[in-house]
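Summary of structural features
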Amino acid sequence: KLENKPEPKLDDKPIAVKENVIVIPKPAPQPEPLAPVAPKEEIEVESVSVSFYGTLVSIGFPMSDGLKLQEITEKHLADTWTSLSDEKYDITIDNALSVRKNLALCDWAYIEMLGAVSEKRYGKTNEAVIMQGYLLSQSGYKIRLAYEGSQLYLLVASQYNILSMSYFMIGGTKFYPLNCNTKKLHICEASFDKEKSISLQMRSEQKLDHEATTPRKLSSKYGVIVDVSVNKNNIDFYSDYPSAYVGDNSATRWAVYANTPLEKSVKSTLYPALKRSIENLSERDAVNKLLNFVQTALKYEYDDKVWGGDRVFFAAETLYYPYADCEDRSILFSRLVRDLLGLDVVLVYYPGHLATAVHFAQEVAGDYLQYKGKRYVVCDPTYVGAPVGRTIPGMNNQEAQIIAL
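Now for a quick tour of the structure. Keep in mind the model is a prediction, meaning the values are calculated, not measured.

A separate point is helix H5 (residues 232-240). When we look at burial in H5, the residues that qualify are Asn 233, Asn 234, Ile 235, Phe 237 and Tyr 238. Where H5 is buried, its residues contact helix H3 (107-122) and helix H10 (315-320). At the N-terminal boundary of H5, the capping side chain belongs to Asn 231, with an oxygen 3.0 Å from the backbone nitrogen of Asn 233.

Phi is positive for Asn 179, which is not a glycine, with a value near 55°. Mapping Asn 179 onto the fold places it in the loop between strand S8 (173-178) and strand S9 (186-187). The phi dihedral of Lys 194 is positive, around 70°, even though this residue is not glycine. Mapped onto the elements, Lys 194 comes out in the loop between S9 and strand S10 (216-219). Classification of Lys 194 as exposed rests on a relative accessible area of 70%.

One pass over the structure, following the stated rule, counts 19 aromatic pairs. Their ring planes at 55° and their centres at 6.4 Å tell us that Phe 237 and Tyr 238 sit as a pair that is tilted. The class of Phe 237 is buried, set by a relative accessible area of 1%. Tyr 238 gets classed as buried once you look at its relative accessible area, which sits at 10%.

The rolling of a water-molecule-sized probe over the atoms marks out the regions of remaining empty space. A complete count under the given rule lists one cavity of 30 Å³ or more for this structure. If you add up the space inside the largest cavity, you get close to 30 Å³. What lines the largest cavity is Met 202, Ser 204, Glu 205, Gln 206, Asn 234 and Tyr 238. Along the lines of polarity and charge, the residues of the lining of the largest cavity split into two nonpolar, three polar and one charged.

Within the span of helix H1 (residues 74-84), buried status applies to Leu 77, Thr 80, Trp 81 and Leu 84. Considered in projection along H1, the buried side chains sweep an arc of 105° and stay on one side of the axis. Residues Lys 75 and Thr 82 are exposed on H1 and point more than 90 degrees away from its buried face. Buried residues belonging to H1 abut helix H4 (126-138), strand S4 (143-148) and strand S5 (151-157).

The rules behind the values
Numbers given for residues are sequential positions, taken from 1 along each chain in its written order. The predicted origin of the model limits local features to residues at a pLDDT of at least 70 and limits the giving and counting of side-chain atom pairs to 80 or more, whereas totals for whole chains, interfaces and linings rest on all residues. Side-chain measures here rest on the full set of heavy atoms in the structure, leaving out hydrogens and waters. Think of it in three bands: with a 1.4 Å probe and only protein chains considered, a residue is buried below 20% of the maximum accessible area for its type, exposed above 50%, and partly exposed in between. Here a helix means four or more residues in a row that DSSP labels H or I, a strand means two or more in a row labelled E, and each is numbered from the N terminus. Any pair of residues with heavy atoms lying within 4.5 Å of one another is described as a contacting pair. A 3.5 Å cut-off defines polar contacts: any pair of N or O atoms within that distance qualifies, except that in protein one atom must be a possible hydrogen donor and the other a possible acceptor, and neighbouring residues in sequence count only when both atoms are side-chain atoms. Two rings from Phe, Tyr or Trp (for Trp, the six-membered ring) form a pair when their centres sit within 6.5 Å of each other. Planes less than 30 degrees apart are called stacked, planes more than 60 degrees apart edge-to-face, and all others tilted. Any residue with an atom within 4 Å of a point lines the site, the site being either a cavity, points on a 1 Å grid over the protein atoms alone where a 1.4 Å probe fits but cannot get out, or a pocket, an open set with protein on both sides within 12 Å along at least 5 of 7 lines. Grid points are joined across faces, edges and corners, and a volume is the space filled by probe spheres set on the points. In this classification, the charged set is Asp, Glu, Lys and Arg, the nonpolar set is Ala, Val, Leu, Ile, Met, Phe, Trp, Tyr, Cys and Pro, and all remaining amino acids, among them Gly, are polar. For this quantity, the arc is that covered by the directions from the helix axis to the C-beta atoms.

Structural measurements only, silent on function.
This is the structure we're talking about:
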């Protein structure tokens, strides 16, 4: 039961976890344009605007460009692609890249944004698909065009395995079709030098316009009380974000969520109260205060009951939705400890359960594990009332794995 109380005295107890540590690569810089973009000022431009997760996005297209796919064959696609290579579309590429930079859009957001703008320009047509593909390609992303009958589809290469989508293996790379349930496609294999697969790690906070939610009051049994408001536009984006993992280990997906920065607007409402609550405390007592906050200020519930299946939350989502499970609590707790105390944290994955462990500069007693020559003490945000150093009952440490953050 989650309400079990720990014994008051803690002894040092080493945990012999699995030797293979789960590590995800640091995100590489976003792709660069395939060629220099130099928009011509004399070309007449028509601005196309969409609301992208509550944020107004405008991109210029050549006036009356007349983009039209007469037939869906490799020859017609190649001819249309050649026509798109005209310098008049440089303004469109330049505007798209400026939006990506100014809003700090991650790769998936950039894909979605270009899809929304292209559809606004050309409707739900094959022309919108090829324009989205062209803009992604010229921005440096690895894409392929494919078709079935008279319908054109866009395939995007990913460094990560996307859980909710099927894929086509092309030249040893997984390509994921967008808005497509067709199992058999005719794939155009034209490729470009320097093209890169998308990353599904978020490198920084995206700059979507702020739509504040009704403040949520959170209070812990240690007397920490905060009013938290999150950006609804971010919540809506996170809800559509695909869950993905690296290599053949699905546990890597939790690191992607845990390493995503908590938005500044949330920090401005949540962190001042938390900082006051841990002022002048030792590292252990400060972590205990944060641990108890996550344990007792949030309501626990299983994903199957709430969502009908597994769903992982970004830290902001855990502060927004009424219920959270062990994964969500551990992700949020790891974020709080790193941001507020600057301490290193790892996730600890048991089959069926996720916890954390913290590296203290001071000596702290309790269950611990070794990673890279450092001692990390177990902290379980799901084990209500348990202090730093206590493992939730029933966990088999021999099966536990470290997930590096």
